[in-house]
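Chains, contacts and geometry: an overview
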Amino acid sequence: MDANMKKLIAANWKMHKTGMEAHKLLSELDPFLNTLPTDREVAIFPPFTALAACANISPKRFQLGAQNCHYAKEGAFTGEISANMLKCAGCSKVLLGHSERRTLFHEDDVILGKKASTALEEGLGIVFCIGETLTEREAGRLRSVLARQLAVLPEIATDVSSHICIAYEPVWAIGTGKVAGLHEIVEAHEIVRNLLLARYGSDGKSVRILYGGGVKANNTGEIINLENVDGVLVGNASMNIDTFGKIILDW
Ligand code: PGA
């Protein structure tokens with residue numbers, strides 16, 4: 001790992017927490033964030049309706065991101081939110097391609113490629129989620145699935161790592177309590193690293209690759225220190241102060 005690269009610990013709160021609940025949790029988290037070692041940073045992805053409450057916290061010792069955005073810059077898309085709206089609401093990042101979006105909301109590679117391009121054009125960083133299903137893994141298609149999902153990312157002229165971050169999340173390990181074995185994580189992250197190098201040249205070396213799926217207080221340390229693992233994306237365990245406090249500090 002690049003010595004200047006900070007590990008990123010990202011919290012995906014999914015469809016949990018009102019603005020008040022989000023504010024309360026972040027206030028409780030502040031003492032932990034205040035003692036955060038300089039080798040790491042924290043990003044919080046609350047639901048849209050809690051963004052304002054989180055953006056107004058001061059001092060804000062975390063990066064704020066949203067869980068989705070539309071691919072159009074604006075227009076007649078009832079119920080949707082644009083990248084620029086997120087920026088104006090205080091977000092610096094957006095999560096795209098989460099497997100729940102791909103599966104439950106039918107977001108395919110084409111749509112996700114358009115979302116990624118628009119978000120980047122509008123000045124948001126993206127955390128782009130990829131990962132295989134159990135069937136794909138068992139059919140020996142791990143590499144081809146990851147390659148197909150990554151192929152939609154746009155060209156980026158400079159400083160790729162400040163614009164994109166990848167989250168490898170095997171679908172079978174998300175919210176199921178299952179965690180990929182350490183060997184499986186290393187294998188998948190190496191594949192992703194090589195795909196990034198092929199796509200972005202030597203810039204691909206410093207693009208952070210997060211692991212997500214079943215990350216908890218008691219396994220963060222062994223996962224986050226693996227080769228090519230530059231952080232974690234945490235769902236369930238990020239919504240509770242005791243577990244998330246440990247996840248950000250205790251490794
Ligand atoms: P999990 O979710 O930590 O609850 O497995 C991860 C995610 O959905 O990003």
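Residues numbered from 1 in each chain as written. Predicted model: local features only at pLDDT ≥ 70, side-chain atom pairs only at ≥ 80, totals over all residues. Heavy atoms only, no water.

**A short note on the nonpolar core**
Formed by 67 residues in total, the largest nonpolar core has its most connected members in Ile126, Ile164, Ile166 and Phe244. By residue number, the principal contributor to this core is helix H9 (residues 182-200), which donates seven residues. With residues up to four places along the chain from it excluded, the contact list for isoleucine 126 reads Val94, Leu96, Ala116, Ala119, Leu120, Leu153, His163, Ile164 and Cys165. Ranked by size, the runner-up nonpolar core spans eleven residues in total, among them Leu8, Ala10, Val127 and Cys129. (Core = buried A, V, L, I, M, F, W, Y, C linked by side-chain atoms within 4.5 Å. Buried < 20%, exposed > 50% of the residue type's maximum accessible area, 1.4 Å probe, protein only. Helix = DSSP H or I, 4+ residues; strand = E, 2+ residues; numbered from the N terminus. Contact = heavy atoms within 4.5 Å.)

**Comments concerning the pairing of strand E8 (residues 231-234)**
Side chains Gly231 and Leu233 project from E8 onto one buried face, and the interleaved Val232 and Val234 project onto a second face that is buried too. Note that strand E1 (residues 7-12) and E8 share four bridges and pair parallel. Within the sheet, the bridge partner assigned to alanine 10 lies in E8 and is leucine 233. Sheet analysis places strand E7 (residues 208-212) next to E8, joined by two bridges and oriented parallel. In the strand pairing of E8, tyrosine 211 is matched with valine 232. (Pairing = 2+ DSSP bridges.)

**Regarding the packing of helix H1 (residues 19-34) against helix H11 (residues 241-249)**
With their axes 10 Å apart at the nearest point, H1 and H11 run at an angle of 30° to one another. Taken together, the axes of H1 and H11 lie roughly parallel to each other. By crossing handedness, the relation of H1 to H11 is classed as right-handed. Residues Leu25, Glu28, Leu29, Phe32 and Leu33 of H1 touch H11, and the partners they reach there are Ile241, Phe244, Gly245, Ile248 and Leu249. When the residues that make up the contact of H1 with H11 are grouped by side-chain class, the tally is eight nonpolar, one polar and one charged. (Axes fitted to C-alpha atoms, helices over the stretch in contact; angles between N-to-C directions. Parallel < 35°, antiparallel > 145°, perpendicular 65-115°, else oblique. Left-handed = near helix turned anticlockwise from the far one by under 90°. Nonpolar A, V, L, I, M, F, W, Y, C, P; charged D, E, K, R; others polar.)

**Describing the sheet that holds strand E2 (residues 40-45)**
Reading around the barrel, the eight strands line up as E1-E2-E3-E4-E5-E6-E7-E8 and close back on themselves, with parallel pairing between neighbours. The average undirected angle you get between the axes of adjacent strands in this sheet is 25°. When E1 meets E2, the two strands line up parallel, connected through six bridges. If you follow leucine 8 over to E2, its bridge partner there is glutamate 41. The sheet strands contacting H11 are E1, E2 and E8, and the helix crosses E2 at an angle near 145°.

**Observations concerning the site of the ligand**
The environment of the ligand is formed by 13 residues, the closest being Lys14, His98, Glu169, Gly175 and Gly235. A distance of 2.7 Å separates an oxygen atom of the ligand from a polar atom in the side chain of histidine 98. Here glycine 235 contributes a backbone N or O atom positioned 2.8 Å from an oxygen atom of the ligand. Considered class by class, the residues forming the shell around the ligand number four nonpolar, seven polar and two charged. (Near = heavy atom within 4 Å. Polar contact = N/O pair within 3.5 Å; in protein donor to acceptor, adjacent residues only side chain to side chain.)

**Considering the packing of helix H7 (residues 142-150) against H9**
Where H7 contacts H9, the two axes come as close as 10 Å, and the packing angle between them is 40°. Between H7 and H9, the crossing angle belongs to the class labelled oblique. Our pair here, H7 against H9, has a crossing hand that is right-handed. Side by side, H7 and H9 meet where Leu142, Arg143, Leu146, Ala147 and Leu150 of the first sit next to Glu187, Ala188, Ile191, Val192 and Leu195 of the second. Split by residue class, the contact of H7 with H9 holds eight nonpolar, no polar and two charged.

**Concerning the state of the cysteines**
Taken as a whole and assessed by the stated rule, the structure comprises zero disulfides. In this model cysteine 69 remains outside any disulfide bridge; the closest cysteine sulfur is found in cysteine 91, 9.7 Å from its own. The exposure class assigned to cysteine 69 is buried, which follows from its relative accessible area of 1%. Cysteine cysteine 165 is unpaired, with the sulfur of cysteine 129 as its nearest cysteine sulfur at 8.9 Å. Since its relative accessible area comes to 5%, cysteine 165 is described here as buried. (Disulfide = S-S within 2.5 Å.)

**Section: the layout of surface pockets**
What the largest pocket holds in volume is close to 430 Å³. Lining the largest pocket are 13 residues, and of these Lys14, Met15, Gln67, Arg101 and Phe105 sit closest to its centre. For the lining of the largest pocket, the leading source of residues is helix H4 (residues 99-104), giving three residues. Among the residues making up the lining of the largest pocket, the classes are represented as six nonpolar, four polar and three charged. (1 Å grid on protein atoms, 1.4 Å probe; cavity = no way out; pocket = protein on both sides within 12 Å on 5 of 7 lines; lining within 4 Å. Points joined across faces, edges and corners; volume = space filled by probe spheres on them.)

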